[in-house]
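Letter by letter, the chains look like this.
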Amino acid sequence: MAEIVLETVGLTMRFGGVVAADNVNFRLKAGELRCLIGPNGAGKSTFFKCVTGLLSPTGGQVFMRGHETTGWHPHQVAALGVGIKTQVPNLMDGLDVHENIWMAARRFLPMQDAMRKTAEVIERLALGPIARTELGRLAHGERQRVELGLVVAGDPWLVLLDEPAAGMSADDVERMSAIIRDMTRTAAVVIVEHDMQFIRSIASTVTVFHQGAVLMEDHVDRVMADPTVRNVYLGKKA
Amino acid sequence: MASFWAKEVPATLLVAALLIWVMPMLIGTYTLTVLVIYGMLGFSLGLIWGFGGILCFGQAAFFGLGAYTYAIAAINIGDSTLPMLLAVLVPAGFAALLGAMMFYGRLTDVYLGVITLVVTLILFKFINSTAGPGYVIGKARLGGFNGIPGFQTLNVPGRPDVYIFGDPFYYFCAVLLLIVYLLVSWLLKSSFGRVAIGIRENETRVALMGYDVRARKTVLFSIGAAIAGLAGALFANWGEIVTPNLFSLGQSAEIIIWCIVGGLGTRVGPIVGAAGLAYLKFLLGQQSMIDNTLLTGIILVLFVLFLPKGLVPAVVSLWRISFGQRRSIRKHGARRIRSGSMGNG
């Protein structure tokens, strides 16, 4: 059986009276690709933030490759070798693509290797023509791709992506799923996503969140065929 | 990094040597010295604010701390070498503590401004209230409102009776500013500096890459304070007295104005802004028609309205526009000649 790279035990997050994540038990094996879906306010992003350290959970525990990371800061989580992309694009707008990716690579590599890695990532994600362009001048799809580049540059063994396909054109989405499939060769990937087309295209196991808790966990096709999921996710009509 | 050593360092040395040589012919060295010192003070905030994104309302606190440290240590030690060193280390240490408290406490920009401002006020009030004979550090009386006069000024290391003053002191300050400038330039080209600029651009992203933003900001803040402390020590030597006014809010505000007017995010800008505005203030001080602070205020407003990026970036872009065109014309000309000769051949 493959190693468990990410596990949460009874993870709970309360905001005042609202329980945004309720006793979530989650396990991810090495090399697995997992999508988290659920209607708005289901607790996907809260769960994501608790795992990445952007929020400190009110209860429960988070384990990554055996380390307990509950309440760690994002930079400590990232330093373990976890690549993170937040829902809101987080990029250094005043700097060019090359500098952005270099900085991600430099964290884990010495100077010369970081330069080589940067060139490699730019090549791999086909960012060559815009490598010297400031991030602030790029289109949304390109920015998303650069942010994936930042994640890739750190050679992570666990990748956490919050809505990577949001607001992208069909072409961009296709390119994005190719990149993500490529990632799974070396890392376990968790994706929070709304776009069912996208989830089908990368065909994976899906965890459905509803009202802060895990509703079910299965392959995407079976999940989509499930009447309960259709009820909560698509509304009563379906 | 290669072009830094091959091009930038020689060019900087050349320009600086020229300026150090020419400026005394235009402005008296006594005034010039203080302009250089203010330049260094402006530069210290220009580094942490312009490149690290840390807006510190209390840069004057480190300036004053440097000056007082120098004065107190000079009285106790007698030779100026160690006091100069202490005047750099004490503000740096103080800033490291203050910075760690603020950055590890996850304070946002506004509260950072408030805390640095209040720290300056506390130091000002405290030093002001030390007039009593009880406030003594070693042989030095803090002197409250009257400040500390009569300390050992800069001397040749190891020889307390050979003073460095007048013209040599000007050259000493100018060369120190040049050294600090080159060190900071090198720092900004290094990985640490580049990540610091990344933090200015997006703190969350840099943290998500795995960098400890808090530690890095604390270090940068401390470096800025060290430079301000050095400027303070030089100022103490120049004025031969230190007073609580060094810590005043007016002084802190002025440093921020220097940076805005000169051009934030550039290295030269804050130095030019500081020296330029301080010289203007000096000239205006010789007449009583217009109020000094009023004019500084008007200049700030005009810059924010019409040159929001500051003087140096504006001049640079003007330079690029004019030179860029000239170069492209020359290129066209060259192409025409080449095509002509091809046609003939």
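Here, every reference points to the structure presented above.
Residues numbered from 1 in each chain as written. Chains lettered and ligands numbered in written order. Predicted model: local features only at pLDDT ≥ 70, side-chain atom pairs only at ≥ 80, totals over all residues. Heavy atoms only, no water.

Enquirer: Just give me the short version of the side chain of E163(A), but keep the residues and values in it.
Expert: All names here are of chain A. In this structure, E163 sits in the loop between β7 (158-162) and α6 (170-183). Despite its burial, E163 remains without a salt bridge, the nearest opposite charge being carried by K44 at 5.4 Å. Other than its neighbours up to four places away in sequence, E163 contacts K85, Q87, Q144, V192, E193 and H194. (Helix = DSSP H or I, 4+ residues; strand = E, 2+ residues; numbered from the N terminus. Buried < 20%, exposed > 50% of the residue type's maximum accessible area, 1.4 Å probe, protein only. Lys, Arg positive; Asp, Glu negative; His and termini not counted. Salt bridge = Lys/Arg side-chain N within 4 Å of Asp/Glu carboxyl O. Contact = heavy atoms within 4.5 Å.)

Enquirer: Outline unusual backbone geometry, listing residues and values.
Expert: Most of the time, phi is negative for any residue but glycine, and the peptide bond is trans. All names here are of chain A. Even without a glycine there, the phi angle at D155 is positive, about 50°. Along the chain, D155 turns up in the loop between α5 (140-153) and β7. In this structure, Q211 is a non-glycine residue whose phi angle is positive, near 50°. Mapped onto the secondary structure, Q211 falls in the loop between β9 (205-210) and β10 (213-219).

Enquirer: Lay out the interface of chain B and chain A with the relevant residues and their values.
Expert: In this assembly, 18 residues from chain B lie in contact with 26 residues from chain A. Buried area between chain B and chain A, both sides added, is near 2000 Å², and the carbon and sulfur share of it is 56%. Inspection of the region where chain B meets chain A yields two salt bridges. Across the salt bridge formed by E147(A) and R205(B), the nearest N and O atoms sit 2.7 Å from each other. Here chain B is connected to chain A by 15 residue pairs in polar contact (both at pLDDT 80 or more). Secondary structure elements with two or more residues in the side of chain B that touches chain A: α7 (191-201) and α8 (203-208) of chain B. (Buried area = accessible area lost by both parts, 1.4 Å probe. Polar contact = N/O pair within 3.5 Å; in protein donor to acceptor, adjacent residues only side chain to side chain.)

Enquirer: Before we move on, could you go through the packing of aromatic side chains and cite the residues and values that matter?
Expert: Under the definition given, this model contains 18 aromatic pairs over all chains. With centroids separated by 5.9 Å and ring planes inclined at 25°, the aromatic side chains of Y279(B) and F282(B) adopt a geometry described as stacked. Within this pair, Y279(B) and its partner F282(B) are both found in helix α11 (residues 268-284), separated by three residues, close to a single helical turn. Judged by its relative accessible area of 24%, Y279(B) is partly exposed. Each residue in the set Y30(B), Y38(B), F63(B), F235(B), W238(B) and W258(B) is aromatic and connected to the rest through ring pairs, giving one cluster. The aromatic ring of W157(A) is capped on one face by R65(A), whose charged end is 4.1 Å from the ring centroid. Its end group placed over the ring of F108(A), R107(A) keeps NZ or CZ at 5.3 Å from the ring centre. (Phe/Tyr/Trp six-rings, centres within 6.5 Å; stacked < 30°, edge-to-face > 60°. Lys NZ or Arg CZ within 6 Å of the ring centre and 35° of its normal.)

Enquirer: Just give me the short version of the pairing of β10(A), but keep the residues and values in it.
Expert: Inspection of the sheet shows β9(A) paired to β10(A) by six bridges, in the antiparallel sense. Its bridge partner lying in β10(A), V208(A) is registered against M216(A). (Pairing = 2+ DSSP bridges.)

Enquirer: Which residues make up the pattern of salt bridges, and what values go with them?
Expert: Here the idea is simple: oppositely charged side chains can pair when their charged atoms come close. Residues and elements named next belong to chain A. Tallied over the full model, the rule gives 20 salt bridges over all chains. With its nearest N and O atoms 3.0 Å apart, the salt bridge here joins D155 to K117. You can see D155 sitting in the loop between α5 and β7 and its partner K117 sitting in helix α4 (residues 111-124), a full 38 residues away along the chain. In this structure D155 comes out as exposed when scored by relative accessible area, which is 51%. With a relative accessible area of 9%, K117 lands in the buried category. Measuring nitrogen to oxygen at the nearest pair gives 3.9 Å for the salt bridge that ties R200 to D221. Note that R200 is positioned in helix α7 (residues 196-201) and D221 in helix α8 (residues 220-225), a separation of 21 residues in sequence. Look at the salt bridges and you will find they share partners, linking E32, R34 and E217 into a network.

All we've got here are geometric facts, nothing functional implied.
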